[in-house]
Amino acid sequence: MDRYAVTGYPVAHSKSPFIHAQFAEQTGERLSYDSLELSPENFVAGVHKFFAEGGKGLNVTVPHKETAWRLVDWLAPNAELAGAVNTLYQLADGRLAGDNTDGTGMVRDIEKNHGGKLAGANIMIIGAGGAVRGVLPPLIAARPASITIVNRTLARAASMAEDFSSQYPLRVLSLEQLQGQPSPDRTPAPDWLINGSSAGLQGEMPALPGWLISAATGCYDMVYAPGGTVFQQWARESGALLALDGSGMLVEQAAESFRIWRGVQPETQPVIAALHALLAK
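Note that this is a predicted model, so its numbers are computed, not measured.

Draft legend 1. Summary view of the overall build of the chain. In terms of regular secondary structure, the chain is built from 11 helices and 12 strands. Its C-alpha atoms give the chain a radius of gyration of 19 Å, within 12% of the compact-globule value 19 Å for 281 residues. The buried share of the chain, taken over its 281 residues, is 54%. Counted over contacts in the chain with a minimum sequence separation of 6, partners at least 24 positions apart contribute 66%. Carbon and sulfur atoms make up 51% of the accessible area of the chain, which totals about 12,400 Å².

Printed below as a string of structure tokens:
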């Protein structure tokens, strides 16, 4: 039976084994999918050992995505631009390949599952870390009118804008600059406000001004939590049109990894429903 796993540190909380078990049952693919906890100092050796022992593919989560990007022999275009890898597999000649399905997962969740429109939209993203970098290539490919990166440290957002300058003219603001704007005169009010800040992983969020939200704003948190996230709660209380978490993104990025590995595209809607039922317990 073909072996797959998700690796991170820690990784016991991951819902990826549950999701891929659902995909395997649905498609009739014979495989096993486990959790593989690897500390940063053991990551490279652990990956090589997994594939040397016949493993077929790995999903990579925090904090290893950038290390995985440096480790592989071949990068898919999404991963090359993103500077991060969340999907590992071997090419026919044995070389280690890396892809990034996070952005594809988020775009599909917004557009396919929730009927959102990204083409022509003004998008604002809070955060400038690896998670945001990972989703930018597919977001850019969706042809938005503007993308503004807001980060506590302006230099980090500016560095990201420079890295993507040949693909798209990203706007940048510091969190302080955003909070100091009494109105959206200089910055387009976002059609989509995406929270990709690391604070979301700790159940926190930065202080954001109220003018960001209107009755037409879609809000999207890249993380998820049982009962919803702090950002979702703030979006609902502020009157946003949509207040979504990253559970659909998690399933959609997993489906794209599954397709890369198995050549089969699983149905995601029933798996998203099953994941929501699991999180509600």
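What follows picks up the thread again.
Draft legend 2. Quick look at the sheet that holds strand 11 (residues 218-221). Reading across the sheet, the 6 strands line up as 9-8-7-10-11-12 and stay open at both edges, with parallel pairing between neighbours. Across the chains shown, the open sheet's two edge strands, defined by having one partner strand only, are strand 9 (171-174) and strand 12 (242-244). Pairs of neighbouring strands in the sheet enclose a mean axial angle of 15°, with direction left out of account. Each of strand 8 (146-151) and strand 9 is contacted by helix 7 (residues 154-163), which is oriented at about 170° to strand 9, the strand it contacts most.

Draft legend 3. Geometry of the packing of aromatic side chains. Overall, the coordinates contain 5 aromatic pairs when judged by the stated rule. On the numbers, 4.8 Å between centres and 35° between planes, the contact of Tyr4 with Trp261 is tilted. Within this pair, whereas Tyr4 is found in strand 1 (residues 2-8), its partner Trp261 is found in helix 10 (residues 247-262), the two being separated by 257 residues in sequence. The residues Tyr4 and Trp261 share a single accessibility class, namely buried. With a centroid separation of 6.4 Å and an interplanar angle of 45°, the aromatic rings of Tyr33 and Trp261 are classed as tilted. Here Trp261 lies in helix 10 and Tyr33 lies in strand 2 (residues 31-37), a separation of 228 residues in the sequence. For Tyr33, a relative accessible area of 9% puts it in the buried group. Three or more aromatic residues joined by ring pairs form one cluster here, namely Tyr4, Tyr33 and Trp261.

Draft legend 4. Just helix 10, in detail. With 16 residues, helix 10 extends 22 Å from end C-alpha to end C-alpha; this agrees with the ideal 22 Å at 1.5 Å per step. Along helix 10, 14 of the 16 residues are buried, which leaves the element largely enclosed by surrounding structure. The first or second residue beyond helix 10 is Gly263, which carries a positive phi of 75°.

Draft legend 5. Spatial organisation of the environment of Phe164. For Phe164, the location among the structural elements is in the loop between helix 7 and strand 9. Put simply, Phe164 and Ala82 are 82 residues apart on the chain and 9.1 Å apart in space, counted from C-alpha to C-alpha. Filtering out sequence-adjacent residues up to four positions away, Phe164 remains in contact with Leu81, Arg133, Leu136, Pro137, Ile140 and Leu170.

Draft legend 6. Just helix 5 (residues 102-113), in detail. Helix length check: helix 5, at 12 residues, gives a terminal C-alpha distance of 15 Å against a target of 16 Å (1.5 Å per residue), a fit within 8%. For helix 5, the tally of buried residues reaches 9 of 12 residues, placing the bulk of the element in the interior. The positive-phi residue at the C-terminal boundary of helix 5 is Gly115, with phi of around 65°.

Draft legend 7. Layout of the side chain of Asp245. Mapping Asp245 onto the fold places it in the loop between strand 12 and helix 10. Notably, Asp245 is buried but unbridged: the nearest opposite-charge side chain belongs to Arg236, and the N-O separation is 7.1 Å. Only 2.7 Å separates the side chain of Asp245 from the side chain of Ser247, close enough to count as a polar contact.

Draft legend 8. Local environment of the packing of helix 6 (residues 130-141) against helix 7. One can describe the packing of helix 6 onto helix 7 by two numbers: an axis separation of 12 Å at closest approach and a directional angle of 25°. By the criterion of interaxial angle, the relationship of helix 6 to helix 7 is roughly parallel. At the point where helix 6 passes helix 7, the crossing takes the right-handed sense. Only Arg156, Met160 and Asp163 of helix 7 make contact with helix 6, whose side of the interface consists of Gly130, Val132, Arg133 and Leu136.

Conventions used here
- Residues numbered from 1 in each chain as written.
- Predicted model: local features only at pLDDT ≥ 70, side-chain atom pairs only at ≥ 80, totals over all residues.
- Heavy atoms only, no water.
- Helix = DSSP H or I, 4+ residues; strand = E, 2+ residues; numbered from the N terminus.
- Rg over C-alpha atoms; globule rule 2.2 N^0.38 Å.
- Buried < 20%, exposed > 50% of the residue type's maximum accessible area, 1.4 Å probe, protein only.
- Contact = heavy atoms within 4.5 Å.
- Areas by Shrake-Rupley, 256 points an atom, 1.4 Å probe, with all protein chains shown as cover.
- Pairing = 2+ DSSP bridges.
- Axes fitted to C-alpha atoms, helices over the stretch in contact; angles between N-to-C directions.
- Phe/Tyr/Trp six-rings, centres within 6.5 Å; stacked < 30°, edge-to-face > 60°.
- Expected span 1.5 Å × (residues − 1).
- Lys, Arg positive; Asp, Glu negative; His and termini not counted.
- Salt bridge = Lys/Arg side-chain N within 4 Å of Asp/Glu carboxyl O.
- Polar contact = N/O pair within 3.5 Å; in protein donor to acceptor, adjacent residues only side chain to side chain.
- Parallel < 35°, antiparallel > 145°, perpendicular 65-115°, else oblique.
- Left-handed = near helix turned anticlockwise from the far one by under 90°.

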